[in-house]
Amino acid sequence: MIGHLNLILRLVIWFLLTANLSPSNIIIGIAIAFLLPGRPKTPEALKDWLRVLGEVIVAIPQAYIEAFEIMLRPHKHEDVIMEGVKPQRTPGLIFLDIFLITFTPKTIVLKYHQDGRYEVHRVRRRRKR
């Protein structure tokens, strides 16, 4: 199951990078997805992948809500915070965490630190008092 999720993730990234769904590009993408080295699979990773899939489903409507909030009520305050990476994350799950943070309009990951933290820029409507 995890192998299928990794394959799908690799193909999605390939199609996003190339923006080309021609048959030859699909064949090249599949070949590259299979040739890239993988990591050992663990049962915990499957549970993490399913949890992240649920977070993706929640993030889509949240992104639309945040986009409308920014358009209707300007957000003039911003800050940079440090968020910790969840324990035992594989590189694929770290990538998806960064994608989810950046997917919503009010936040973007500026940098991933090797010690297990994300530097996140966010905009807010008001300053905290």
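Keep in mind that this is a model prediction, so the values were computed, not measured. (Residues numbered from 1 in each chain as written. Predicted model: local features only at pLDDT ≥ 70, side-chain atom pairs only at ≥ 80, totals over all residues. Heavy atoms only, no water.)

**Student:** Help me understand the side chain of Lys106 in this model?
**Tutor:** With respect to the secondary-structure elements, Lys106 resides in the loop between helix H4 (91–103) and strand S2 (107–113). Looking at Lys106, its side chain comes within polar contact range of the side chain of Glu69, at 2.5 Å. Leave out the neighbours within four places in its chain, and Lys106 touches Glu66, Glu69, Ile70, His75, His121, Arg122 and Val123. (Helix = DSSP H or I, 4+ residues; strand = E, 2+ residues; numbered from the N terminus. Polar contact = N/O pair within 3.5 Å; in protein donor to acceptor, adjacent residues only side chain to side chain. Contact = heavy atoms within 4.5 Å.)

**Student:** I would appreciate a short explanation of the pairing of strand S3 (residues 117–124) in the present structure.
**Tutor:** The side chains of a regular strand alternate, first on one face of the sheet and then on the other. As paired elements, strand S1 (residues 77–84) and S3 share eight bridges and run antiparallel to each other. Along S3, the bridge assignment pairs Glu78 with Val123. By the bridge criterion, six bridges tie S2 to S3 in an arrangement that is antiparallel. Its bridge partner lying in S3, His113 is registered against Arg117. In textbook terms, the turn of a hairpin is the stretch between consecutive antiparallel strands, and for S2 and S3 this stretch comprises three residues, one of which, Gly116, has a positive phi near 95°. (Pairing = 2+ DSSP bridges.)

**Student:** What exactly am I supposed to notice about the UniProt feature "transmembrane region" (unreviewed entry) in the protein chain here?
**Tutor:** The sites that carry the UniProt feature "transmembrane region" (unreviewed entry) are, in the present numbering, residues 12–36. Counted over residues 12–36, helix gives 80% and strand 0%. Its end C-alpha atoms are 14 Å apart. (UniProt positions renumbered as here; feature names shortened; annotations may be inferred.)

**Student:** Teacher, can you tell me more about the pattern of salt bridges here?
**Tutor:** This model, assessed by the stated rule, comprises five salt bridges. Between Lys86 and Glu55 there is a salt bridge, with the nearest N and O atoms lying 3.1 Å from each other. Placement of Lys86 in the loop between S1 and H4 and of Glu55 in helix H3 (residues 43–72) is noted, with a sequence separation of 31 residues between them. Residue classification places Glu55 among the partly exposed residues on the basis of a relative accessible area of 26%. Taking the shortest distance from any N to any O, the salt bridge between Asp79 and Arg122 comes out at 2.9 Å. In this pair, Asp79 sits in strand S1 while Arg122 sits in strand S3, placing the two residues 43 residues apart along the sequence. (Salt bridge = Lys/Arg side-chain N within 4 Å of Asp/Glu carboxyl O. Buried < 20%, exposed > 50% of the residue type's maximum accessible area, 1.4 Å probe, protein only.)

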